[in-house]
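Architecture at a glance
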Amino acid sequence: MNQVGNGDHAEAVKAEPRRALDLRGVEFRRQRRVILTDVNLSIAQGEKWVLFGPNGIGKSSLVSMMSTRGFPSEGSVEILGNRLGKVDVFSYRNRIGLSSAELSRAFPPEEDPLDVVVTALTATTGRWRDSYTPEEYGRALELMTRFGVEYLRGKQMFKLSEGERTRILICRALMADPELLILDEPTTGLDLGGRELAIRALSRIGADEGGKAVVLVTHRLEEIPQGFDHVAIMGRIEGDESAAHQDAVSGADPKPGTIVYRGDLEHGFTDERLSSVFGIPLHVSRQDGRWSAFAV
Ligand SMILES: Nc1ncnc2c1ncn2[C@@H]1O[C@H](COP(=O)(O)OP(=O)(O)OP(=O)(O)O)[C@@H](O)[C@H]1O
């Protein structure tokens, strides 16, 4: 926490809230294709954001940068005050909780799920020479119990079902009580009961007044937990005339993705915007705090 003396008080009142994430003019290119362009997003500590968009728009590419695993081709990414590329990512990676399909492939196949959870404390994927205290293992088990997977202790990661793996990764993401929590499609592979339990747990995280910033990535409206009040909606960039893009984008490639709306969730999900993003007429509704959309 910032310590401010009396003389600094007026300054502190005027100061902007601390940024958990700050992306400016980000472009992401792979194999001469522009995947993302002109991405600008600022997330303050404590804010709960949904990153929403259709398949293949670049959500996971964005997550790779937000979680220090990818690097922008242009622009800047600042994470918890650390500029990507300027500060050693290992000095702050353990302050970021991440759950993603890409991360799930990083663990040794025979790793004990309990170790997958506890190793979040050192931001490592594999228990080498690190040792953890009984209290730390206790917390890992407590999380596994909360997500109904305590019975997986002592098993091997490669034998887990997709839904079990997903739950273990959510536990891992929460283990180090991170300042920035990034959950990329955290309900993938969960059955109806598992999905609803996960959404309930995520709603509690959304309602948490603490300083944790959360980014929840999804392409399903009905999986947005209550308590999340900001949304960044991704869509394809219109009129992509720049010379750089003409060079880089081949005829068959889709236009680059970008953020077409950022702000409060309430005003983000309109029929018009979602119809445009998905290219099909949609009607959006909200009942008992849960969102849904259907083609009309
Ligand atoms: N390393 C890479 N090399 C080439 N193309 C890539 C690479 N990584 C991603 N892409 C392409 O970039 C686009 C965006 O992919 P990304 O996985 O970020 O989308 P997404 O929004 O997360 O999709 P989904 O909702 O289907 O998971 C896709 O067309 C994908 O094929």
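Residues numbered from 1 in each chain as written. Predicted model: local features only at pLDDT ≥ 70, side-chain atom pairs only at ≥ 80, totals over all residues. Heavy atoms only, no water.

For the protein, an unreviewed UniProt entry supplies the name ABC transporter, ATP-binding protein and the organism Bifidobacterium psychraerophilum.

Re the site of the ligand
Looking at the ligand, there are 14 residues lining it, with Arg33, Gly56, Lys59, Ser60 and Ser61 nearest. Measuring from an oxygen atom of the ligand, one finds a side-chain N or O atom of Arg33 at 2.9 Å. A distance of 2.7 Å separates an oxygen atom of the ligand from a polar side-chain atom of Lys59. Against a free-state accessible area of 640 Å², the protein chains account for coverage of 62% of the ligand. For the shell around the ligand, the secondary structure elements donating two or more residues are strand E2 (33–44) and helix H2 (59–66). Here the element with the most residues in the shell around the ligand is H2; it accounts for 3 residues. Class assignment for the residues of the shell around the ligand results in 3 nonpolar, 7 polar and 4 charged. (Near = heavy atom within 4 Å. Polar contact = N/O pair within 3.5 Å; in protein donor to acceptor, adjacent residues only side chain to side chain. Areas by Shrake-Rupley, 256 points an atom, 1.4 Å probe, with all protein chains shown as cover. Helix = DSSP H or I, 4+ residues; strand = E, 2+ residues; numbered from the N terminus. Nonpolar A, V, L, I, M, F, W, Y, C, P; charged D, E, K, R; others polar.)

Things to note about the side chain of Thr119
Locating Thr119 in the fold gives a position in the loop between helix H4 (113–118) and helix H5 (134–146). The class of Thr119 is buried, set by a relative accessible area of 0%. Those residues in contact with Thr119 that lie beyond four places of it in its chain are Glu111, Thr124, Gly126, Arg127, Tyr132 and Arg172. (Buried < 20%, exposed > 50% of the residue type's maximum accessible area, 1.4 Å probe, protein only. Contact = heavy atoms within 4.5 Å.)

What about unusual backbone geometry?
A positive phi is found at Gln31, a non-glycine position, where the angle reads about 50°. Along the chain, Gln31 falls in the loop between strand E1 (19–30) and E2. The class of Gln31 is exposed, set by a relative accessible area of 80%. Of note in the backbone geometry, Asp288 takes a positive phi value of approximately 50° without being a glycine. Assignment of secondary structure puts Asp288 in the loop between strand E11 (282–287) and strand E12 (290–295). By relative accessible area, which is 69% here, Asp288 ends up exposed.

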